Amino acid sequence: IVYEVNLDVDADIAPAYRDWLQAHVADMLSLPGFTGAEVFEVVASPPDPARQSLCVHYRLRDQAALDDYLHHHAARMRADGVARFGTGFRASRRVLRAG
């Protein structure tokens, strides 16, 4: 299972957000069932100098691990970013399964 988080970040907070994101990803990987993660910078054409787009792919052992995260950890993990950066970013999520 890949849990994908797409982030649209205001350019003025992007450096601080990226620093926080590095620690956040490490925290996510300490949760049960998470097996890896990759952070990508989304290359926009044309680029928007006021925004930075990132995409994080978290790999999980199975659907049960994702369900556990969503039910027991997601609200707390998401709230940390909102508490630090408020409306300076937007996040959307989707789940990918190998076919």
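Residues numbered from 1 in each chain as written. Predicted model: local features only at pLDDT ≥ 70, side-chain atom pairs only at ≥ 80, totals over all residues. Heavy atoms only, no water.

J.: Would you mind going over the packing of aromatic side chains with me for this structure?
T.: Two numbers describe a pair of aromatic rings. These are the distance of the centres and the angle of the planes. If you walk through the whole model with that rule in mind, you get 8 aromatic pairs. Consider the rings of Y17 and W20, whose centres lie 5.2 Å apart with planes at 55 degrees: the pair is tilted. Pair noted here: Y17 and W20 are both in helix α1 (residues 14–29), with a separation of 3 residues, about one helical turn. Per residue, the accessibility class of Y17 equals that of W20, and both read buried. Between the aromatic rings of F34 and Y58, the centroid separation amounts to 5.8 Å while the plane-to-plane angle is 85 degrees, which identifies the pairing as edge-to-face. Here the residue F34 occupies a position in strand β2 (residues 34–41), and Y58 occupies one in strand β3 (residues 51–60), the gap between them amounting to 24 residues. (Phe/Tyr/Trp six-rings, centres within 6.5 Å; stacked < 30°, edge-to-face > 60°. Helix = DSSP H or I, 4+ residues; strand = E, 2+ residues; numbered from the N terminus. Buried < 20%, exposed > 50% of the residue type's maximum accessible area, 1.4 Å probe, protein only.)

J.: Which parts of the structure should I look at to understand α1?
T.: Within an α-helix, residues lying three or four positions from one another point in the same direction, as the helix has 3.6 residues per turn. A rise of 1.5 Å per residue sets the reference length of α1, with its 16 residues, at 22 Å; its end C-alpha atoms lie 22 Å apart and thus fit the reference within 8%. Taken residue by residue, α1 has A14, Y17, W20, L21, H24, V25 and M28 as its buried positions. Summarising the axial view, the buried residues of α1 lie within an arc of 150 degrees, below the 170-degree limit, and thus occupy one face. Within α1, the exposed residues directed more than 90 degrees away from the buried face are P15, D19 and Q22. Lining the buried residues of α1 we find β1 (2–10), β2, β3, α2 (63–72), α3 (74–85) and β4 (89–96). (Expected span 1.5 Å × (residues − 1). Arc of directions from axis to C-beta. Contact = heavy atoms within 4.5 Å.)

J.: Just checking my understanding: could you explain the sheet that holds β2 for this structure?
T.: Note on sheets: strands pair through backbone hydrogen bonds, and any given pair is parallel or antiparallel. Reading across from one edge, β2-β3-β1-β4 is the order of the 4 strands in this open sheet, with antiparallel pairing throughout. Among the strands making up the open sheet, the edge pair consists of β2 and β4. Sheet twist, expressed as the average angle between the axes of neighbouring strands with direction ignored, equals 15 degrees. The pairing of β2 with β3 spans 7 bridges and is classified as antiparallel. (Pairing = 2+ DSSP bridges. Axes fitted to C-alpha atoms, helices over the stretch in contact; angles between N-to-C directions.)

J.: Help me understand the packing of α2 against α3, please; the structure alone is not making it clear to me.
T.: Helix packing geometry: the angle between the two helix axes and the distance between the axes. With their axes 4 Å apart at the nearest point, α2 and α3 run at an angle of 60 degrees to one another. Here α2 is positioned oblique relative to α3, judged by the angle of their axes. Facing α2, whose interface residues are Y69, L70 and H72, α3 presents A74, M77 and R78. A per-class count over the contact of α2 with α3 returns 4 nonpolar, 1 polar and 1 charged. (Parallel < 35°, antiparallel > 145°, perpendicular 65-115°, else oblique. Nonpolar A, V, L, I, M, F, W, Y, C, P; charged D, E, K, R; others polar.)

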